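# Descriptive structure summary
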Amino acid sequence: MENAKKFLQECKEKEIEFIDFRFTDIKGVLHHVAYDIDSIDAEVLTHGIPFDGSSIPAWQPINNSDMILKPDFEIGAHFVDPFTADPTMVVFCDVLNTDGTPYEKCPRSIAKNALKYMEEQGIADAAYFGPENEFFVFDNVIIRDEINSQCYEVDSSEGVWNDYADFGDELNIGHRPRTKGGYFPVPPVDSMMDLRAEMVKVLKEVGLETFVVHHEVGQAQGEIGVKFGTLVEAGDNVQKLKYVVKMVAHLNGKTATFMPKPLYGDNGNGMHTHQSLWKNGKNLFYDANGYAHLSDVAKKYIAGVFEHANAVAAFTNASMNSYKRLQPGFEAPNILAFSAKNRSASCRIPWGAGEKSVRTEFRFPDSTSNPYLAFTVMMLAGLDGIKNNLEIYDAAKEPLNEDLFELSLDEIKERGIRTLPATLREAIYAVEDELKNPDSFLKAKLKDGTQVFSDEFIKTYIDYKYETEIIPIEGRPHPYEFITSYSC
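I will try to describe carefully the structure that is included in this document.

Each value, and the rule that gives it
- Residues numbered from 1 in each chain as written.
- Predicted model: local features only at pLDDT ≥ 70, side-chain atom pairs only at ≥ 80, totals over all residues.
- Heavy atoms only, no water.
- Patch = residues over 30% accessible without salt bridge, like charges linked within 9 Å, V, L, I, M, F, W, Y side chains within 5 Å.
- Areas by Shrake-Rupley, 256 points an atom, 1.4 Å probe, with all protein chains shown as cover.
- Salt bridge = Lys/Arg side-chain N within 4 Å of Asp/Glu carboxyl O.
- Buried < 20%, exposed > 50% of the residue type's maximum accessible area, 1.4 Å probe, protein only.
- Helix = DSSP H or I, 4+ residues; strand = E, 2+ residues; numbered from the N terminus.
- Phe/Tyr/Trp six-rings, centres within 6.5 Å; stacked < 30°, edge-to-face > 60°.
- Lys NZ or Arg CZ within 6 Å of the ring centre and 35° of its normal.
- Contact = heavy atoms within 4.5 Å.
- Polar contact = N/O pair within 3.5 Å; in protein donor to acceptor, adjacent residues only side chain to side chain.
- Axes fitted to C-alpha atoms, helices over the stretch in contact; angles between N-to-C directions.
- Parallel < 35°, antiparallel > 145°, perpendicular 65-115°, else oblique.
- Left-handed = near helix turned anticlockwise from the far one by under 90°.
- Nonpolar A, V, L, I, M, F, W, Y, C, P; charged D, E, K, R; others polar.

## So, a nonpolar patch on the surface
Where nonpolar side chains cluster on the molecular surface, the patch consists of V141, I143 and Y152 and spans about 340 Å² of accessible area. A relative accessible area of 53% places Y152 in the exposed class.

Now the structure itself:
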């Protein structure tokens, strides 16, 4: 009750008129419901906000639809919405059952359970995640999904396809990044500098600390670095970032997407994720004498992620489009190896100035994942590696410092190098196999017997991916199939 009163006092001081309650569904999409602040008091906030859970994809049946939104009053979990005409306070919520228990399909609650599990195991008392969410900003997008037509078209003035375009009253200035040529060019080649600067200013308004801001490798692609946070905080930050980037682009007459592979033949959008575990204020991943200052604990963590990589991918690379990005040559490594400096390895050990900066960077995740679930599943796999003293598999036991993108499929097989699954279907198969193992990392339990990922949640997740991603996309003709098959 006291926290609710402090929250309302803050709203009063900022002359807030509406409170916007936000939560995340299984896919990672934000939902919201707003209330006039005059209808809200501390008692209402303490007990939570009722809503219809049957209207959210893959959640409750209509005959058991009542659910509760429980606001999180931590400082980073609420902010004044910079886009609304009337002063509105956004607050992230956990989803509860009507008896007050955490809802087993609430991603944010799952992430909190994962942190509790980590602490109960005595391995660490803090886990930090630093995601890097790349994005494209297009001038326009056209999508058609009909019985006789499957097509899309995105456009950007930066695209090489516009070399010959007539821009009407505007001149075709001719300065473009070119395919895979967008890393760090100055304006006018980089046409989005002012737009990214506006995004950064708004991100600061919602409480995010930013650092590096730049054009990415792809045409019309950008990245804004956001400071790392705890597992739940990092998940919240991804949701804030995506909201701000999309809204700033929208208000400038453009459209932003975090889709992994919207352009054929150019780099895609990743969510490289930096990770480290800490205990009693010490970085467990640091060893002054280790390779790149990496400790044995960190190597066991990496080994756990590699051991369970196929199932991990179902959560970190959660769309069919994800696997179009994971192709050699586009800085999206699918090869399970670790190395310092080597961006063709799926796990890079970034250069750091000291103990606090030593960490792992897994480079395969992307932003179609639900951030809370992606961070949770990587951490659980890593913890499993630490608990069971796993070693990185033989072919990648030592750092692989060569350009792994240059390896042929035959070389990869001959050397016993493992790779991520090639499709979402393969990744989901791996999750189904994990469910057969009573000791699976996906069945990690708290001391009270609660599973971090309940069996019901995993089953729902699998069914949801089949129904909304795998079967619909596999069943639709692809335009390129008309080139390969139409004249057969």
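## Side note on the pattern of salt bridges
Tallying each qualifying case throughout the model produces 23 salt bridges. Notably, a salt bridge pairs E456 with K105, separated by 3.8 Å at the nearest N-O pair. Highlighted residues: E456 in helix α12 (residues 455–474) and K105 in the loop between β6 (88–96) and α3 (107–120), separated in sequence by 351 residues. By relative accessible area, E456 is classed as partly exposed at 38%.

## Re the packing of aromatic side chains
The full count for this structure, using the stated rule, is 23 aromatic pairs. Relative to F73, the ring of F7 lies with its centre 5.2 Å away and its plane at 45°, an arrangement referred to as tilted. Of the two residues, F7 is situated in helix α1 (residues 2–13) and F73 in the loop between β4 (66–71) and β5 (78–80); the sequence distance between them amounts to 66 residues. According to the relative accessible area criterion, F7 is buried, its value standing at 2%. Where F136 meets F138, the ring centres are 5.5 Å apart and the plane angle is 10°; that geometry is what we call stacked. Per residue, the accessibility class of F136 equals that of F138, and both read buried. Members of the aromatic cluster, each reached through a chain of ring pairs, are F23, F51, W59 and Y103. Here R22 stacks its cationic end above the ring of Y243, 4.3 Å away from the centre of that ring.

## Some remarks on the environment of Y183
If you trace the backbone, Y183 turns up in the loop between β9 (149–155) and α4 (193–205). Classification of Y183 by relative accessible area gives partly exposed; the value is 45%. Along the backbone, Y183 and Q221 are 38 residues apart, and their C-alpha atoms lie at a distance of 9.1 Å. What Y183 contacts, discounting residues up to four positions off in sequence, is H214, H215, E216 and V217.

## Some remarks on the side chain of D72
Take D72: it is sitting in the loop between β4 and β5. At a separation of 3.0 Å, a polar atom in the side chain of D72 contacts the side chain of R108. Once residues within four sequence positions are removed from consideration, D72 is found in contact with A77, H78, V91, F92, C93, R108 and K112.

## Quick notes on helix α7 (residues 309–316)
Counting buried positions over the eight residues of α7 gives seven, a clear majority of the element. Along α7, the residues classified as buried are A309, A311, V312, A313, A314, F315 and T316. Looking at the buried positions of α7, the neighbouring elements they touch are α6 (296–307), α8 (322–325), α9 (371–387), α11 (424–435) and α12.

## A few points about the packing of α4 against helix α5 (residues 231–251)
Contact pair α4 / α5: the axes reach a minimum separation of 9 Å and the direction vectors enclose 135°. By the angle between their axes, α4 is oblique relative to α5. The element α4 and its partner α5 pack so that their crossing is right-handed. Touching L195, E198, M199, V202 and L203 of α4 are K240, L241, V244, V245, V248 and A249, all from α5. Here the residues of the contact of α4 with α5 sort into nine nonpolar, no polar and two charged.

That is the geometry; function is a separate question.
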